[in-house]
Amino acid sequence: MITVKNIRKAFKDLVVLDGIDLEVKRGEVVAIIGPSGSGKSTLLRCLNLLERPDQGLIEIGEAKLNAEKFTRKEAHRLRQQTAMVFQNYNLFKNKTALQNITEALIVAQHKSRDEAKRIGMDILKQVGLEHKADSYPITMSGGQQQRIGIARALAVNPHAILLDEPTSALDPELVTGVLQVIKSIAEKQTTMIIVTHEMAFAKEVADKVIFMADGHIVEQGTPEELFDHPKNERTKRFIKQVGEPAELI
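Identification of the chain as ABC transporter (ATP-binding protein) from Bacillus inaquosorum KCTC 13429 is taken from an unreviewed UniProt entry. Comment text from UniProt for the chain, heading Subcellular location (unreviewed entry), reads "Cell membrane".

### A word on the sheet that holds strand E1 (residues 2-11)
Strands belonging to one sheet form pairs held by backbone hydrogen bonds; the direction of such a pair is parallel or antiparallel. On the basis of which strands lie adjacent, the open sheet formed by 4 strands has the order E2-E1-E4-E5 and antiparallel pairing. Here the strands that pair on one side only, and so sit at the sheet edges, are strand E2 (14-24) and strand E5 (63-66). Each strand of the sheet is rotated relative to its neighbour by a mean of 15 degrees, with strand direction disregarded. Here E1 pairs with strand E4 (residues 55-60) via 5 bridges, running antiparallel. Of the residues in E4, the one forming a bridge with Ile-2 is Ile-60. Across the sheet, helix H1 (residues 40-47) touches E1, E2 and E4, and the angle it forms with E2 is around 65 degrees. Across the face of the sheet, helix H2 (residues 72-80) comes into contact with E4 and E5 while running at roughly 130 degrees to E5.

### Some points on the packing of aromatic side chains
This model, assessed by the stated rule, comprises 1 aromatic pair. Arranged with centres 5.0 Å apart and planes meeting at 35 degrees, the rings of Phe-211 and Phe-238 form a pair that is tilted. Here the residue Phe-211 occupies a position in strand E9 (residues 208-213), and Phe-238 occupies one in helix H9 (residues 233-243), the gap between them amounting to 27 residues.

### Observations concerning the pattern of salt bridges
According to the stated counting rule, one finds 9 salt bridges in the structure shown. The partner of Glu-204 in a salt bridge is Lys-183, and the shortest N-O contact between them spans 2.5 Å. On the criterion of sequence distance, the pair formed by Glu-204 in helix H7 (residues 199-205) and Lys-183 in helix H6 (residues 172-186) is long-range, its members being 21 residues apart. Of the residues examined, Glu-204 reaches a relative accessible area of 53% and is grouped as exposed. For Lys-183, a relative accessible area of 28% corresponds to the partly exposed category.

### Focus: the side chain of Ser-38
Tracing the sequence through the fold places Ser-38 in the loop between strand E3 (29-33) and H1. In this structure the side chain of Ser-38 is engaged in a polar contact, spanning 2.8 Å, whose partner is the backbone oxygen of Pro-35. A polar side-chain atom of Ser-38 sits 3.5 Å from a polar atom in the side chain of Lys-40. Sequence-distant contacts of Ser-38, that is, excluding residues within four places in its chain, are made with Val-16, Met-212, Ala-213, Asp-214, Gly-215 and His-216.

### Here's the deal with the UniProt feature "domain: ABC transporter" (unreviewed entry) in the chain
Mapped onto this structure's residue numbering, the UniProt feature "domain: ABC transporter" (unreviewed entry) falls at residues 2-239. Counted over residues 2-239, helix gives 38% and strand 26%. Its end C-alpha atoms are 27 Å apart.

### Some thoughts on the packing of helix H5 (residues 142-155) against H6
At their nearest, the axes of H5 and H6 sit 8 Å apart, and the two run at 15 degrees to each other. The angle between the axes of H5 and H6 places the two elements in the roughly parallel class. In this structure, H5 crosses over H6, and the sense of that crossing is right-handed. Contacts between H5 and H6 pair Gly-142, Gly-143, Gln-146, Arg-147, Ile-150 and Leu-154 from the former with Leu-174, Gly-177, Val-178, Val-181, Ile-182 and Ile-185 from the latter. The residue inventory of the contact of H5 with H6, partitioned by class, reads 7 nonpolar, 4 polar and 1 charged.

Analysis parameters
By convention here, each chain's residues receive numbers from 1 onward along its written sequence. Given that this is a predicted model, residues contribute local features only at a pLDDT of at least 70 and side-chain atom pairs are listed and counted only at 80 or more, while totals for whole chains, interfaces and linings are drawn from all residues. No hydrogens and no water enter the side-chain calculation; it runs on all heavy atoms of the structure. UniProt positions are given in the numbering used here, feature names are shortened, and annotations may be inferred rather than shown by experiment. The pairing criterion is simple: DSSP has to find at least two bridges between the two strands. Helix and strand labels come from DSSP, where a helix needs a run of H or I of at least four residues and a strand needs a run of E of at least two; each type is numbered from the N terminus. Between the N-to-C directions of two axes lies an angle of 0 to 180 degrees, each axis being a line fitted to C-alpha atoms and, for a helix, fitted only over the stretch in contact. Contact criterion: two residues are considered in contact whenever any of their non-hydrogen atoms come within 4.5 Å of each other. In this analysis, rings of Phe, Tyr and Trp, with Trp reduced to its six-membered ring, are considered paired at centre separations within 6.5 Å, and the interplanar angle assigns stacked below 30 degrees, edge-to-face beyond 60, and tilted for intermediate values. Here, a salt bridge means any Lys or Arg side-chain nitrogen found within 4 Å of an Asp or Glu carboxyl oxygen. Residue exposure (1.4 Å probe, protein chains only): buried if accessible area is under 20% of the type maximum, exposed if over 50%, otherwise partly exposed. Nitrogen and oxygen atoms within 3.5 Å of one another constitute a polar contact, given that in protein one can donate a hydrogen and the other can accept it, and given that sequence-neighbouring residues count only through two side-chain atoms. Between 65 and 115 degrees an angle is taken as roughly perpendicular, under 35 as roughly parallel, over 145 as roughly antiparallel, and anywhere else as oblique. When the near helix sits turned anticlockwise from the far one by under a right angle, the crossing is termed left-handed; a clockwise turn instead gives a right-handed crossing. Each residue is assigned to one class: nonpolar for Ala, Val, Leu, Ile, Met, Phe, Trp, Tyr, Cys and Pro, charged for Asp, Glu, Lys and Arg, and polar for all the others, Gly among them.

Here it is in structure tokens:
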């Protein structure tokens, strides 16, 4: 489903991604963990060209792109393969929950308003928010807004959903509801890459976990391999630290 080869990205003299290779199978859920500043979110943003990589090859679904030289058509096709769920929701403030979901269906996929509304309502039911169809983001909790963001991503039926720390902006009591929605989507064999700090969630939901540090993939494997039997010393230190009670860190 997704193949990434030798992705490199630097901001002036700061190398953020240094030769990343990655493969994600169809229906696989991949969690990316690691300390802040390790390049996790930048990697995710490179996959749909929100950040343009300096070099490397990206292949998602039916689209293939060479980061050093590509056409506008190739870029558009690559972006159509995925949908993004952001940390801070990125909803249209002047549109209702349903309108936030149907906008891309009408504008980008040229569906009729009736068909878009039918799809939108079906997706709202999936995330448990059909009663909020006509509500505006300002009237919703952070957790509800993020679930609308997830619904918007699902509605366009992408090859893969990219989630960039989807719970990091939420109050603790709202996190569980969002994670439950993501888990229910994962159980339907939806291909997902999730950048997350929620270690227990990654261990429970992911098929594969990737540990990143300093712009490199340090180690990857099943949740059991990475959390219970890490091989790399850098991984061991990170797992031990995030597993300690907050007061001791």
